[in-house]
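# An overview of the molecular structure
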Amino acid sequence: MKKLSPLLTAALMTGLLAACSEADTPAEPAPAEARPDATAPQVGDKIGESEAERKAKREATIAARAADQARKKSEAEARGVTEIGWEDLMPEGEEERLAQMYQSQMSMLYGGGGVAEGSAADAMVQIGTFNTVKELNGKSIRLPGYTVPFEYGSKAEVTEFLMVPYFGACIHAPPPPPNQTVFVTTDEPILLKDLAQAVWVEGILTAETQESELADAAYTLKLSHIEKYEY
């Protein structure tokens, strides 16, 4: 058998040692930018909510608010408080009488060729009657609506204000009828911050007439509780 030369043997040994050294050396970590980012979108990820999920969420919110209102109504009834709506403040036949009054008012204003700007007729006029529902006199009630204070300001605390069925009444729109306007009084001053936010008022309702520069009211409410109305 032919022997390998010492030089060739040394070369072979050097190659084997180098190969073994490379096999035992751990691989260098991949650069940071090459590694996958756990926070980045991955294949199959969903972006946003589906229409069905949004609808289900809206329905769940509505159902939760309805359940909360039903609970508060039940609690009020347990305290002897009756929840009413604005239509309950009008006696029988009042809607028909009110419609006739509005029709007469429109005929008078526009039958003669319109209303001159700045004239006495060019003003918000309160139309309606002071007719009330006798059964509500002296009753503890709970009513939703909008507040109209007589004083304004970020820190103005009031003890008297009007309660009306729609936003902007008496300020940006004509006043509602007197029997759709409630004059509210309270012993403890309260701060009315957001007039666009509907509220619930609770207290003793009386058929007591009150007059003011903003509107006349056929009812007066002695306030015992006020809270935000959840839409």
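Residues numbered from 1 in each chain as written. Predicted model: local features only at pLDDT ≥ 70, side-chain atom pairs only at ≥ 80, totals over all residues. Heavy atoms only, no water.

### So, the environment of Tyr219
Relative to the helices and strands, Tyr219 resides in strand E6 (residues 219-228). A residue is classified by how much of its surface remains accessible, and Tyr219, at 1% relative accessible area, is buried. Considered as a pair, Tyr219 and Ala207 are 12 residues apart in the sequence and their alpha carbons are 4.7 Å apart. Residue contacts for Tyr219: discarding those within four places in its chain leaves Leu89, Thr132, Val133, Pro178, Asn179, Thr181, Val182, Phe183, Leu205, Thr206, Ala207 and Glu208. Only 2.7 Å separates the side chain of Tyr219 from the backbone oxygen of Leu89, close enough to count as a polar contact. (Helix = DSSP H or I, 4+ residues; strand = E, 2+ residues; numbered from the N terminus. Buried < 20%, exposed > 50% of the residue type's maximum accessible area, 1.4 Å probe, protein only. Contact = heavy atoms within 4.5 Å. Polar contact = N/O pair within 3.5 Å; in protein donor to acceptor, adjacent residues only side chain to side chain.)

### Section: the pattern of salt bridges
On inspection of all chains with the given rule, the structure shows 11 salt bridges. Notably, a salt bridge pairs Arg58 with Glu51, separated by 3.4 Å at the nearest N-O pair. Residue classification places Arg58 among the partly exposed positions, given a relative accessible area of 44%. Taking the relative accessible area as the measure of exposure, Glu51 reaches 46% and is therefore partly exposed. The residue Glu227 makes a salt bridge to Lys72 at a minimum N-O spacing of 2.9 Å. Of the two residues, Glu227 is situated in strand E6 and Lys72 in helix H2 (residues 51-78); the sequence distance between them amounts to 155 residues. Both residues of the pair, Glu227 and Lys72, count as buried. Here the salt bridges share partners, and the residues they tie into one network are Asp68, Arg71, Lys72, Glu75, Glu83, Arg142 and Glu227. (Salt bridge = Lys/Arg side-chain N within 4 Å of Asp/Glu carboxyl O.)

### Thoughts on the nonpolar core
By size, the foremost hydrophobic cluster in this structure holds 21 residues, and its most contacted members are Leu89, Leu143, Val182, Leu205 and Leu221. Every element with two or more residues in this core is listed here: strand E2 (139-149), strand E3 (157-164), strand E4 (182-191), strand E5 (199-206) and E6. If we ignore the near neighbours within four places in the chain, the residues touching Leu221 are Ile141, Val182, Phe183, Val184, Thr185, Val201, Glu202, Gly203, Ile204 and Leu205. Membership of the second largest hydrophobic core comes to 10 residues, among which are Val164, Phe183, Ala198 and Ala215. (Core = buried A, V, L, I, M, F, W, Y, C linked by side-chain atoms within 4.5 Å.)

### Examining the packing of aromatic side chains
Considering all chains together, one arrives at three aromatic pairs under this definition. Considering the side-chain rings of Tyr146 and Phe167, the 5.9 Å spacing of their centres and the 55 degrees angle between planes classify their relative orientation as tilted. Taken as a pair, Tyr146 in strand E2 and Phe167 in the loop between E3 and E4 lie far apart in primary sequence, 21 residues in all. Classification of Phe167 by relative accessible area gives partly exposed; the value is 47%. Ring centres of Phe150 and Phe183 lie 5.8 Å apart, and the angle between their planes is 40 degrees; on these two criteria the pair is classed as tilted. Of the two residues, Phe150 sits in the loop between E2 and E3 while Phe183 sits in strand E4, which places them 33 residues apart along the sequence. (Phe/Tyr/Trp six-rings, centres within 6.5 Å; stacked < 30°, edge-to-face > 60°.)

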